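As a plain string of letters, each chain reads:
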Amino acid sequence: MSAGLKVVRAGLFETLQDLGRTGFMALGMPTAGAMDRIGLGLANALAGNPANTAGLEIGVMGPDLLVEADSVRIGLVGPLSPALIDGPDAAPKPLDSDRSHLLKRGQILRVGMIEGSSTAYLAVAGGFDLPAFMGSLSTYSRAGIGGFDGRKLAAGDLLPLATLGAPAGNERRLAQPFDYGSGPLRVVWGPQDDYFSDEGRRTFIESEYRVSKEADRMGIRFEGPTIAHARPVDQGGADIISDGIAPGAIQVPGAGLPIVLLADRQTVGGYPKIATVASVDLPRLGRLLPGQTVRFAAITVDEAEALRRDQEARLQRAIAGFVVARPPGGIDLARLYEENLIDGVVFESPWNVTSKPSSAEGSTK
Amino acid sequence: MSVRYLSCGDTAFTVEFGNEISPEINGRVMALHAAIGLAREAGEISGVIETVPTMRSLMVTYDPLSTSRADLQPRVDALIARGLPADATSRRVTVPCCYDDPEFAPDLAEVAKRTNKTPEEVIAAHLASPFKVYVLGFMPGLAYVAGLDQALFLPRRSQPRVRVPRSSVAIAMDMTTIYPFESPGGWHLIGRTPLWMFDKRREQPVFLSPGDSLSFERIDRGSFDRIAGEVEAGTFDWSSLVKSK
């Protein structure tokens, strides 16, 4: 017996992603991986998974997924407007995002539109039963590898689940939305800041840049004031001997407009990189939409590392602080007890009954 | 020879050995690549995720949650100070190539004309070139292989092709390459190998590695078709092409 989620209607660009395919950049293999590691991490934690479990990265509009399993617990994270459809003629019932849900066989999850972010995440408890490629399930669609058949999802795809039914347990939600931070994107100068004039560096740090329409998993092209190179471009001022490209590297080709390179970036490149976005702010980059504006502020490597450690600690606190969630249309028992609104009433939620393990549930294939 | 450390944010830094392309500098890059790998296996360095060798520098990526630049850089410095072996090249790879079919070598005649050679002389020079794989990048498995006979140096085509077939063997500047996928490309196509530089069905999907010594072996169309069939079927014995030094 197998279990799966069937794509009955595809969204715009969903791919499976984990935290990336590391270890093969020397062979020209991009890391890929989640554009917003915090969103994926929270979705996995809501579903009860380890942080590096592959989840569905949703872009712009999510799919409709039919549950072909006894039950499945999902974690949904991001500014989504999901809904649950109970049967062929049933009206969609709205669901909350930033929490887990228990779905039953025959129900359809309509992931819906994302508002205000370019990415959102869906994790399933136990993960997907798909083969890793070079140690990772991250989809790199340009080479057709990883994830589900190396590509974005299409109608008719059946995503196999690693567990036949959801493990017992309460549904949980974020106590409050995670604070991704605001203000300028923090950057560290280099590796090739010396390829730019003082004026060019000042332009970069003092100007506002707008996300262009050319923004995808590979990178974001920004529009704004052009950044001056130190030497004339026609004399090699925008050419380096190709070197490695780190996540968040900001390359500035001869035209002078910055391009931030992200998850699906190529491993090496020959344009000078004025600065690199600190890892603490990579998840913010992974959520940017065309038309949004950003500024950049320079910090040191030490400061960037400290900010990242602080963010990781906040993420772990957010996960430890998950609260029990009310089932859709049901009652938040935990909150009622906490608030002493009921006393001595024997009350069993039908949702909790159905989440108890039966013989098949909770076992791995 | 001095070394520069370039910041790549808080998850990587680049160790730059020089600002030119030379076998000596690349030898040091590959040696540090190997030395860090050994130090990781020996437990002398932790928190490094991977190292990315290029012509004249090595990018070291790390996890800022388990180490720091301040901790790692002195350890890398110590490895360099300990002395890097002159040449870390470990493999000698042979790539069969068919130059004879006009479909495979649409630019052979033009290359011959522009280098004042006959097509046979171009092929002979390509076969005799002492090639070395310097960098893989741009797409998985695409290798920049330098060492081309100086007599064949040409700039890239002024008009790049929209579609270059997979496994095309091409030259430009001082390099040769083999296209791992059908893709756009501006290099001169002088032959084709029946091998796939990237085959996701293989345990090691990427055939070439940085540091490989590489030479081409001329095959006729019949051999090409036979090997191509075996590669396609997944029965080809790739190990016959690789010798350890």
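It should be noted that the structure appears before, not after, this text.
Because the structure is a prediction, the values reported are computed rather than measured. Once a new chain begins, its residue numbering starts again from 1 and follows that chain's sequence as written. Working convention: letters from A go to chains and numbers from 1 go to ligands, in the order in which they are written. Only residues with pLDDT of 70 or above have their local features reported here, since the model is predicted, and side-chain atom pairs are shown and tallied only from 80 upward, although totals for entire chains, interfaces and linings are computed over all residues. Side-chain numbers here rest on the full set of heavy atoms in the structure, without hydrogens or water.

Engineer: Can you tell me about the overall build of chain A, naming the residues and giving the values?
Structural biologist: The helix and strand tally for chain A stands at six helices and 23 strands. Taking contacts inside chain A between residues at least 6 apart in sequence as the whole, the part at least 24 apart equals 78%. Only the protein chains shown count as cover for residues, and the accessible areas themselves come from Shrake-Rupley with a 1.4 Å probe. Roughly 14600 Å² of accessible area belongs to chain A as shown, and the carbon and sulfur atoms make up 53% of that amount. Each helix is a run of H or I in the DSSP string that is no shorter than four residues. Each strand is a run of E no shorter than two, and both are numbered from the N terminus. Residue contacts follow a heavy-atom distance rule, with two residues in contact if any of their heavy atoms lie within 4.5 Å.

Engineer: Describe the interface of chain B and chain A, and please don't skip the residues or the numbers.
Structural biologist: The extent of an interface is frequently quoted as the accessible surface area lost upon association of the parts. The interface of chain B with chain A comprises 44 residues on the first partner and 42 residues on the second. Between chain B and chain A the total buried area reaches about 3200 Å² when both faces are included, carbon and sulfur atoms providing 63% of it. When two parts are brought into contact, each loses some accessible area as probed by a 1.4 Å sphere; the total of that loss over both is the buried area. The three residues of chain B that bury the most area against chain A are Asp10, Glu50 and Leu65 of chain B, which together make up 17% of that side's buried surface. A pair is scored as a salt bridge if a Lys or Arg side-chain nitrogen falls within 4 Å of a carboxyl oxygen belonging to Asp or Glu. Across the pair Asp194 of chain A and Arg4 of chain B runs a salt bridge whose closest N-O atoms are separated by 3.0 Å. Each polar contact in these results corresponds to two N or O atoms within 3.5 Å; when the atoms are within protein, one needs to be able to donate a hydrogen and the other to accept it, and residues that are neighboring in sequence are counted only if both atoms are side-chain atoms. Our count for the chain B to chain A interface comes out at twelve residue pairs in polar contact (both at pLDDT 80 or more). At the level of secondary structure, the elements contributing two or more residues to the side of chain B that touches chain A comprise strand 1 (4–7), strand 2 (12–16), strand 3 (48–53), strand 4 (57–62) and strand 6 (131–136) of chain B.

Engineer: Go over the state of the cysteines, please, and point to the residues and values.
Structural biologist: All names here are of chain B. In this description, a disulfide is simply a cysteine sulfur pair whose atoms lie within 2.5 Å. What the rule picks out here adds up to zero disulfides over all chains. The cysteine Cys97 is free of any disulfide, with Cys98 supplying the nearest cysteine sulfur at 7.1 Å. By relative accessible area, which is 0% here, Cys97 ends up buried. Each residue is placed in one exposure class: buried if its accessible area under a 1.4 Å probe, protein chains only, is under 20% of its type's maximum, exposed if it is over 50%, and partly exposed if it falls in between.

Engineer: Tell me about the pairing of strand 13 (residues 213–218) of chain B, and please be specific about residues and values.
Structural biologist: Following DSSP output, two strands are said to pair if at least two bridges run between them. Two elements, strand 5 (residues 91–97) of chain B and strand 13 of chain B, share six bridges in a ladder whose sense is parallel. Residue Thr94 of chain B lies in a different strand from strand 13 of chain B, and its bridge partner there is Ser215 of chain B.

Engineer: Tell me what's going on with the sheet that holds strand 9 (residues 168–172) of chain B, and back it up with residues and numbers.
Structural biologist: Residues and elements named next belong to chain B. A sheet is described by the order of its strands in space; here eight strands give the open sequence 12-9-10-7-6-13-5-14, paired in mixed fashion. Of all the strands in the sheet, just strand 12 (188–192) and strand 14 (242–244) have a single pairing partner and so form its edges. Each strand of the sheet is rotated relative to its neighbour by a mean of 30°, with strand direction disregarded. When strand 6 meets strand 13, the two strands line up antiparallel, connected through two bridges. Paired with Phe131 across the bridge in strand 13 is Leu214. As a rule, the C-alpha atoms of each element are fitted with a line to give its axis, helices using only the stretch in contact, and angles between N-to-C directions run from 0 to 180 degrees.

Read these as layout, nothing more, since geometry by itself doesn't imply function.
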